[in-house]
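Listed below, chain by chain, are the residues.
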Amino acid sequence: MVSGVFMLGVFAVVFIKFDVLNGYVVGTVVGCYVDEKFYKTGETFKVSNCLKYKCNNDGTITLVEGACDVNGVCYKTGTQFENSCSTYSCSMKKENENTLFSVDLAVAGCHDANGKCHKTGEVFPSVMYGVQYKKCSCILEGKVISITCSR
């Protein structure tokens with residue numbers, strides 16, 4: 001028996017067991033090597049908190065479960081969640097052979113001086129640097145959320 005190691009891109013290595021059967025060399029995939037760990041064919045494994053893969057019989061690796069990881073919490077694709085006054089959503093897209101998960105801003109928001117949440121477009125009073133303002137609102141410029149105020 002001879003063993004071989006073959007690279008599948010940067011992500012995984014395939015382990016193949018070679019045997020001689022009726023005078024022919026026959027190769028059988030016995031597992032995958034991912035991030036310095038060996039997995040048998042058919043075995044599922046996590047590469048991060050929210051990404052679960054399977055080592056296939058042909059040596060490829062398939063995404064079994066995937067989600068967006070936000071501070072150790074997994075959010076499934078299409079799920080909306082609040083984080084620090086704003087609403088975000090988890091999305092997934094395929095690029096070539098890769099599956100990418102991203103967290104996208106759905107509704108921007110900000111905190112007033114009292115810690116109360118306000119969404120963009122809402123008008124509210126607030127105190128900034130010791131000055132009382134009657135008309136404040138959250139604004140979104142690019143990816144930055146800030147408060148603008150007028151008296």
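The paragraphs below set out a description of the structure included in this document.

Quick notes on the rules
- Starting afresh in each chain, residues are numbered from 1 along the sequence in its written order.
- With the structure being a predicted model, the display of local features is reserved for residues of pLDDT at least 70 and the display and counting of side-chain atom pairs for 80 or more, all residues being used for whole-chain, interface and lining totals.
- Side-chain measures here rest on the full set of heavy atoms in the structure, leaving out hydrogens and waters.
- Criterion used throughout: strands pair if DSSP finds at least two bridges between them.
- A helix here means a DSSP run of H or I that spans at least four residues, while a strand means a run of E at least two residues long, and both kinds are numbered starting from the N terminus.
- Here, axes are lines fitted to C-alpha atoms. For helices the fit covers the stretch in contact, and angles between N-to-C directions go from 0 to 180 degrees.
- Relative accessibility under 20% of the residue-type maximum defines a buried residue, over 50% an exposed one, and the middle range a partly exposed one, all with a 1.4 Å probe and only protein chains included.
- Any Lys or Arg side-chain nitrogen found within 4 Å of a carboxyl oxygen on Asp or Glu counts as a salt bridge.
- Here the aromatic set is Phe, Tyr and Trp, taking the six-membered ring for Trp, and pairing holds for ring centres within 6.5 Å; pairs whose planes are under 30 degrees apart are stacked, those over 60 apart are edge-to-face, and all others are tilted.

Further remarks concern the sheet that holds strand 12 (residues 98-107). Within a beta sheet, neighbouring strands are joined by backbone hydrogen bonds and run either parallel or antiparallel to one another. With antiparallel pairing, the 3 strands of this open sheet are ordered in space as 10-11-12. Only two strands of the sheet have a single partner each, and these edge strands are strand 10 (80-83) and strand 12. Here the strands of the sheet are splayed against their neighbours by 35° on average, with no regard to which way each runs. In the sheet, strand 11 (residues 86-95) pairs with strand 12 via 9 bridges, with the strands oriented antiparallel. Paired with T87 across the two strands is V107, which belongs to strand 12.

Here we come to the sheet that holds strand 5 (residues 44-48). The sheet built from 3 strands is open, its strands ordered 5-6-7 with antiparallel pairing. This sheet does not close on itself; its edge strands, each paired only once, are strand 5 and strand 7 (61-66). Each neighbouring strand pair of the sheet contributes to a mean axis angle of 35°, computed without reference to strand direction. Bridging between strand 6 (residues 51-55) and strand 7 involves 5 bridges; their strand directions are antiparallel. If you follow K52 over to strand 7, its bridge partner there is E65.

The next subject is the pairing of strand 6. Of the two faces of strand 6, only one is covered, namely that formed by L51, Y53 and C55; the face formed by K52 and K54 stays uncovered. One ladder, built from 4 bridges, connects strand 5 with strand 6; its direction is antiparallel. Bridging across to strand 6, S48 finds its partner in L51. Here strand 5 hands over to strand 6 after 2 residues, the two strands then running antiparallel side by side. The loop that links strand 6 with its antiparallel partner strand 7 comprises 5 residues; one of these, G59, has a positive phi angle of about 90°.

Throughout the structure, instances matching the rule amount to 2 salt bridges. Salt-bridge contacts for E82 lead to K119; the nearest nitrogen and oxygen are separated by 3.6 Å. With a gap of 37 residues between them, E82 in strand 10 and K119 in strand 14 (residues 117-119) connect regions that are remote in the sequence. The shortest N-O distance in the salt bridge between E95 and K93 comes to 3.4 Å. For E95, a relative accessible area of 38% translates into the label partly exposed. A residue is classified by how much of its surface remains accessible, and K93, at 48% relative accessible area, is partly exposed.

What follows deals with the packing of aromatic side chains. Two aromatic rings, taken as a pair, are described by how far apart their centres are and by the angle between their planes. In this structure the tally under the stated criterion is 4 aromatic pairs. Here the aromatic rings of F45 and Y53 are separated by 6.2 Å at their centres, their planes lie at 25°, and the arrangement is stacked. Neither residue differs from the other here; F45 and Y53 are each classed as buried. For the pair Y75 and F81, a centre-to-centre distance of 3.7 Å together with 15° between the ring planes defines the contact as stacked. This pair shows no difference in class: Y75 is buried, exactly as F81 is. Through pairs of rings, three or more aromatic residues link up here, namely Y39, F45 and Y53.

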